[in-house]
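Summary of structural features
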Amino acid sequence: MISGVHAKGVKQMLEYIHGLPDQLEYCLQQEYRITIAGGISNVVVAGMGGSAIGGDVLRCCLSTRKSVPVLVSRDYRLPGFVGRDSLVLAVSYSGNTEETISAFEDARAKGARIIAVTTGGHLGSLAEKAGIPLITIPAGLPPRAALGYLFTPLALMAEMAGLADGIRDEIRETAAVLKEIREELCADDPDGSNSAFELALELKDCIPVIWAAGSDLEVAAMRWKGQINENAKAPAYYNCFPELNHNEFTGLEGPEMLTKRIAVIILRGGNEHPRIGRRMDITREILNDRITKFLTVKARGRSRMAQLFSLIYTGDFVSTYLAAIYGVDPVPVNLIEALKKRLQDG
Ligand code: PA5
């Protein structure tokens, strides 16, 4: 049984996480009354943190199709190529994130077609006032626990724009895969049969370094890192093959007093390039006497979307159990809030 002063927060986060597949299904049932004219040359998702990551999932899902480029912009200004042929999806769970509001205004100045996705806040008011299509999603969650609400409308907008044929089937498959995973991993009293809890125990007192088996899976590694940071309040880092073999890998030759704390978690998909498989084997052989913990998590499902979400979902549970093991409350993100408050004050 998870106990201690922060048990309530852990239980709360597990409840939030439990809802992810239902969020996907909820969005599928919505009727978004938005028209998107053709002629879109690029899609830009503007957002930060928990609100931006759905854009990366979209980018990866569309990259297997003959679609247009998707870029996730995490900044105040949008790139110079954004113009009338761009579809800008401005995403902020709270609606009050200053970078996203600024990017939204930049998109307006550049004449882009815009859709805002938010629970309300300032972004919601600005969109309403300017007559810009607005998708209002359910409020009351930490943004990182609302990934289904933040991602699915983007996928459905891409479908509406003719850029994502068949994406509804992928969303359905993803929800089904996630339901299977939650049956296995969601528990108030996890034990040795719960692989996410076991993995969290392995990560205790280590610095997790998450490596994705290819850039297609990078977003899953990024999410694991972010969830360990925000839920377990612990440092974590990520990278992906093959790029890490050209830099990060050499850092592991470093002082043993540093490297002995590292636990590498490799996230594997179902469709890796064969040379990536070979690279991973050789990398492990070379690092074997330096890195003592190599852990592997395998994706489930057929589609790219299901595979990404299956990895992401497993990481959501691992990071929450790690919070329980460290005795911290996974829900509040006090440092983020304190920084935002100070920025608001001037
Ligand atoms: O997880 C978090 O709370 C953050 O990463 C937020 O998502 C980020 O600060 C942006 O806020 P919002 O999602 O409200 O735009």
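This report concerns the structure included in the present document. Note that the structure is a prediction, hence the values are computed from the model and not measured. (Residues numbered from 1 in each chain as written. Predicted model: local features only at pLDDT ≥ 70, side-chain atom pairs only at ≥ 80, totals over all residues. Heavy atoms only, no water.)

Moving on, we come to the packing of helix H1 (residues 7-18) against helix H2 (residues 20-29). Between H1 and H2, whose axes approach to 5 Å, the crossing angle comes to 35°. In this structure, H1 uses Tyr-16, Ile-17 and His-18 to contact H2, whose residues at the interface are Leu-20, Pro-21 and Asp-22. Among the residues forming the contact of H1 with H2, the class breakdown is four nonpolar, one polar and one charged. (Axes fitted to C-alpha atoms, helices over the stretch in contact; angles between N-to-C directions. Helix = DSSP H or I, 4+ residues; strand = E, 2+ residues; numbered from the N terminus. Contact = heavy atoms within 4.5 Å. Nonpolar A, V, L, I, M, F, W, Y, C, P; charged D, E, K, R; others polar.)

Let's shift gears to the pattern of salt bridges. Here the structure, examined in full by the defined rule, presents 20 salt bridges. With a shortest N-O distance of 3.9 Å, Asp-188 and Lys-11 are connected by a salt bridge. Placement of the pair is Asp-188 in the loop between helix H7 (167-185) and helix H8 (195-203) and Lys-11 in helix H1, with a sequence separation of 177 residues. The partly exposed category is assigned to Asp-188, whose relative accessible area is 31%. Among the charged side chains, a salt-bridge network with shared partners connects Asp-56, Arg-59 and Arg-74. (Salt bridge = Lys/Arg side-chain N within 4 Å of Asp/Glu carboxyl O. Buried < 20%, exposed > 50% of the residue type's maximum accessible area, 1.4 Å probe, protein only.)

Of all hydrophobic cores here, the largest spans 109 residues; its most connected members are Leu-58, Leu-89, Phe-151 and Trp-211. A per-element tally of this core places helix H13 (residues 304-326) first, with 13 residues. Each of domain 1 (39-161) and domain 2 (186-326) contributes no fewer than three residues to this core. Those residues in contact with Phe-151, other than ones at most four positions away along the chain, are Leu-24, Gly-54, Val-57, Leu-58, Cys-61, Met-305 and Phe-309. Of all hydrophobic cores here, the second largest spans 17 residues; its members include Val-44, Ala-112, Ala-116 and Leu-123. (Core = buried A, V, L, I, M, F, W, Y, C linked by side-chain atoms within 4.5 Å. Domains from an automatic or database assignment.)

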